[in-house]
Amino acid sequence: MRSEQEVDKAIEHYSDMVRRLCMIHLKNNADTEDIFQTVFLKYLLSSVVFESAEHEKAWFIRVTINACKDLLKSFFRNRTFL
């Protein structure tokens, strides 16, 4: 588990990128906020040691895109009418 300072630093650096990726894929503010929280919760709980800043950024991009795809193919989302 990461420290509060590490998470705050990551949010400061990557929050705009994560939100933009979510909006591109989901086109919905509520879902964007859900995925935003999910991504940073995974970061908080992960024990991955990053080799560089680029590796960390790539991790955030991949986790965000995967979380968006998971939400889009979820059973609940496919079976509800808006």
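Structural data are supplied above this passage.
Residues numbered from 1 in each chain as written. Predicted model: local features only at pLDDT ≥ 70, side-chain atom pairs only at ≥ 80, totals over all residues. Heavy atoms only, no water.

**Q** Help me get a handle on the pattern of salt bridges, residues and values and all.
**A** Summed over the entire model, instances satisfying the criterion amount to two salt bridges. Across the pair Glu33 and Arg19 runs a salt bridge whose closest N-O atoms are separated by 3.1 Å. Pair noted here: Glu33 is in helix H2 (residues 29-45) and Arg19 is in helix H1 (residues 4-26), with a separation of 14 residues, a long-range link. Look at Arg19 and you get partly exposed, because its relative accessible area is 31%. Between Lys73 and Asp70 there is a salt bridge whose closest N-O contact spans 3.9 Å. Exposure remark for Lys73: the relative accessible area of 60% places this residue in the exposed category. Accessibility expressed as a relative area gives 42% for Asp70, which makes it partly exposed. (Salt bridge = Lys/Arg side-chain N within 4 Å of Asp/Glu carboxyl O. Helix = DSSP H or I, 4+ residues; strand = E, 2+ residues; numbered from the N terminus. Buried < 20%, exposed > 50% of the residue type's maximum accessible area, 1.4 Å probe, protein only.)

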